[in-house]
Amino acid sequence: MKDRILELLLSTDGYLSGEAISKRFGVTRAAVWKWMDQLRREDGVELESHPRQGYKLKERPDLLLPALIREKGLGRFFEAIDHLSIVDSTNNYLKRLAREGVAEVRVAVAEEQNGGKGRLGRGWVSTRGKGVFVSILLRPQLPPALAGNITMMAALAGAKAVGNLGFDAKIKWPNDIVVEGKKICGILTEMSANMDTMEWAVLGMGFNVNQVKEDWPEDLLDKASSLRMLGDGKKVERTALLAALLTEMDGLYAKLEAGAFGEILEEYRKYSATLGKRVRVIDSKGEYTADAVDLDEEGALVVRTLEGEVHKVLAADVSVRGLMGYV
Ligand code: BTN
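In this report, we go over the structure that sits alongside the text. Predicted model, so just to flag it, every value in this text is computed and none were measured.

Reading the values: the criteria
- Residues numbered from 1 in each chain as written.
- Predicted model: local features only at pLDDT ≥ 70, side-chain atom pairs only at ≥ 80, totals over all residues.
- Heavy atoms only, no water.
- Helix = DSSP H or I, 4+ residues; strand = E, 2+ residues; numbered from the N terminus.
- Rg over C-alpha atoms; globule rule 2.2 N^0.38 Å.
- Buried < 20%, exposed > 50% of the residue type's maximum accessible area, 1.4 Å probe, protein only.
- Core = buried A, V, L, I, M, F, W, Y, C linked by side-chain atoms within 4.5 Å.
- Contact = heavy atoms within 4.5 Å.
- Near = heavy atom within 4 Å.
- Polar contact = N/O pair within 3.5 Å; in protein donor to acceptor, adjacent residues only side chain to side chain.
- Areas by Shrake-Rupley, 256 points an atom, 1.4 Å probe, with all protein chains shown as cover.
- Nonpolar A, V, L, I, M, F, W, Y, C, P; charged D, E, K, R; others polar.
- Phe/Tyr/Trp six-rings, centres within 6.5 Å; stacked < 30°, edge-to-face > 60°.
- Pairing = 2+ DSSP bridges.
- Axes fitted to C-alpha atoms, helices over the stretch in contact; angles between N-to-C directions.
- Patch = residues over 30% accessible without salt bridge, like charges linked within 9 Å, V, L, I, M, F, W, Y side chains within 5 Å.
- Salt bridge = Lys/Arg side-chain N within 4 Å of Asp/Glu carboxyl O.
- Lys, Arg positive; Asp, Glu negative; His and termini not counted.
- Charge placed at Lys NZ, Arg CZ, Asp CG, Glu CD.
- Parallel < 35°, antiparallel > 145°, perpendicular 65-115°, else oblique.
- Left-handed = near helix turned anticlockwise from the far one by under 90°.

Let us now look at the overall build of the protein. Across its full length, the protein carries nine helices and 14 strands. The C-alpha atoms of the protein give a radius of gyration of 22 Å, which matches the 20 Å a tight globule of 327 residues would have. Taken along the three principal axes of its C-alpha coordinates, the protein extends 80 × 45 × 30 Å. Relative to its full complement of 327 residues, the protein shows a buried share of 52%.

Among the nonpolar cores identified, the biggest contains 66 residues, and Met205, Phe207 and Met249 are the most heavily contacted of them. Once residues lying within four places of it in the same chain are set aside, the contact partners of methionine 249 are Phe77, Ile136, Met153, Ala154, Ala157, Leu203 and Met205. With 19 residues, the next largest nonpolar core counts Ile5, Leu16, Val32 and Leu57 among its residues.

Near the ligand lie 18 residues; those nearest to it are Ser89, Gln113, Lys117, Arg119 and Lys183. At a separation of 2.7 Å, an oxygen atom of the ligand approaches a polar backbone atom of arginine 119. A distance of 2.6 Å is found between an oxygen atom of the ligand and a side-chain nitrogen or oxygen belonging to lysine 183. Here the ligand has 410 Å² of accessible area as a free molecule, and 98% of this is covered by the chains. Elements that contribute at least two residues to the shell around the ligand include exactly α5 (90-99), β5 (131-138), β8 (182-193) and β9 (198-208). Top element by residues in the shell around the ligand is β8. It accounts for four residues. The class makeup of the residues in the shell around the ligand is five nonpolar, ten polar and three charged.

Note on aromatic pairs: each is described by the distance of the centres and the angle between the planes. Across all of its chains, the model carries one aromatic pair by this definition. Measuring from centroid to centroid gives 6.0 Å for phenylalanine 77 and tyrosine 253, while their planes differ by 85°, and the two rings are edge-to-face. Remark: tyrosine 253 occurs in helix α8 (residues 238-257) and phenylalanine 77 occurs in the loop between α4 (66-70) and β3 (81-87); sequence separation between them is 176 residues. Here phenylalanine 77 falls in the buried class, since its relative accessible area comes to 0%.

Further remarks concern the sheet that holds β8. The strand order across the open sheet built from seven strands is β3-β4-β5-β9-β8-β7-β6, with neighbouring strands paired in mixed fashion. A strand with exactly one partner marks an edge of an open sheet, and here the two such strands are β3 and β6 (169-172). Pairwise comparison of adjacent strand axes, ignoring direction, gives a mean angle of 20° for this sheet. Summarising the sheet, β8 and β9 pair through nine bridges and their orientation is antiparallel.

The buried count for strand β12 (residues 301-305) comes to four of five residues, which makes it a mostly enclosed element. With five bridges connecting them, strand β11 (residues 286-295) and β12 associate as antiparallel partners. The residue bridging leucine 295 from the neighbouring strand is leucine 301, located in β12. Linking two consecutive strands that pair antiparallel, namely β11 and β12, is a turn of five residues; a positive phi of about 95° is found at glycine 299 within it. The turn linking β12 back onto strand β13 (residues 310-313) is made up of four residues, and glycine 308 within it adopts a positive phi angle of 95°.

This part is about a positive patch on the surface. There is a patch of like positive charges on the surface, built from Arg119, Arg122, Lys223 and Arg321. Relative to the assigned elements, arginine 321 resides in strand β14 (residues 319-322).

What follows covers the packing of helix α6 (residues 147-164) against α8. Interhelical geometry of α6 versus α8 gives an angle of 140° and a closest axis separation of 8 Å. By the criterion of interaxial angle, the relationship of α6 to α8 is oblique. As α6 packs across α8, the resulting crossing turns out to be right-handed. On α8, the residues that touch Asn149, Ile150, Met153, Ala154, Leu156, Ala157, Gly158, Lys160, Ala161, Val162 and Asn164 of α6 are Leu241, Ala244, Leu245, Glu248, Met249, Leu252, Tyr253 and Leu256. Here the contact of α6 with α8 is composed, by residue class, of 14 nonpolar, three polar and two charged.

Relative to the elements of secondary structure, threonine 239 occurs in helix α8. The sequence separation of threonine 239 and glutamate 71 amounts to 168 residues, and the corresponding C-alpha distance is 9.2 Å. If we ignore the near neighbours within four places in the chain, the residues touching threonine 239 are Leu63, Leu64, Leu68, Ile69 and Lys72. Only 3.2 Å separates the side chain of threonine 239 from the side chain of lysine 72, close enough to count as a polar contact.

Moving on: the packing of α8 against helix α9 (residues 261-271). In contact at an axis separation of 7 Å, α8 and α9 are set at 135° when each is read in the N-to-C sense. In terms of their interaxial angle, α8 and α9 are classed as oblique. Counting all contacts with α8, which are made through Leu252, Lys255 and Leu256, the residues of α9 involved are Phe261, Glu263, Ile264 and Glu267. Considering only residue class, the contact of α8 with α9 consists of four nonpolar, no polar and three charged.

So this is what it looks like as structure tokens:
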């Protein structure tokens, strides 16, 4: 309901009276007051209120509100979006819903996370209002061994969405999105599965969008960047990025479900920042230098060592680093 009121406020010039809102939705004035209070306090929407005239938006809020995202896209990834002002982690939030049996596709997006999670047990800096911290609950009919396909699909959707905003986005295999060699998005997929099929997968993506230097802890400054810092310094519209992501994801997930991962890979290759590069492969047995030559049909990286041996490396087992810096 809050979302519908917001939609109404967005499409109204000037004030909207409490009475008009209560009539429109068939609720009491007290209920309207409660929602307005929630919009202000829980969602951070700035409202002007006038005792006789009613309510008006102070300005278009810079928030990832479903009503604002839906203005920019349509499809099944737009249908059920939960906007959270603050949460431990959008992945944890959706994992809780997944265990309660909630259906796919469910999206959760947060302004801030106070327990943001990265890969390998690391944290994810999730400063309020600056990034897009989003998770998507999926229930794909895939064998658990192919969970990596979901992550690669997400990396492609993310790179295309960032590309739509005018940035030259690439993918560092398997699933970091980079612009000018700097990581601007990380992906963390968590899942529950039985022997042969996935029960659910929660796909979490953290985009660095409007952070400025002061938003990063000292030790991350050389690695982290944001679209704003890499662009012209102006704020990037977070809702536009999220809507582009959900649109791209819709088409690509349909391909994944139809068993057409090959088509996803074909496009993924074009965005790869890793193929054709000399890389350092670090696995459980040690480290070696190799050339990244291809991806196999399951998305594993095919490398040729300096001695001419061809190896396939699986995302779960290795870390691949460029010889010169991160990519
Ligand atoms: C990485 O380490 O590269 C993965 C980072 C994933 C961060 C995102 S932010 C939204 C979602 N919620 C989390 O707690 N983590 C993911």
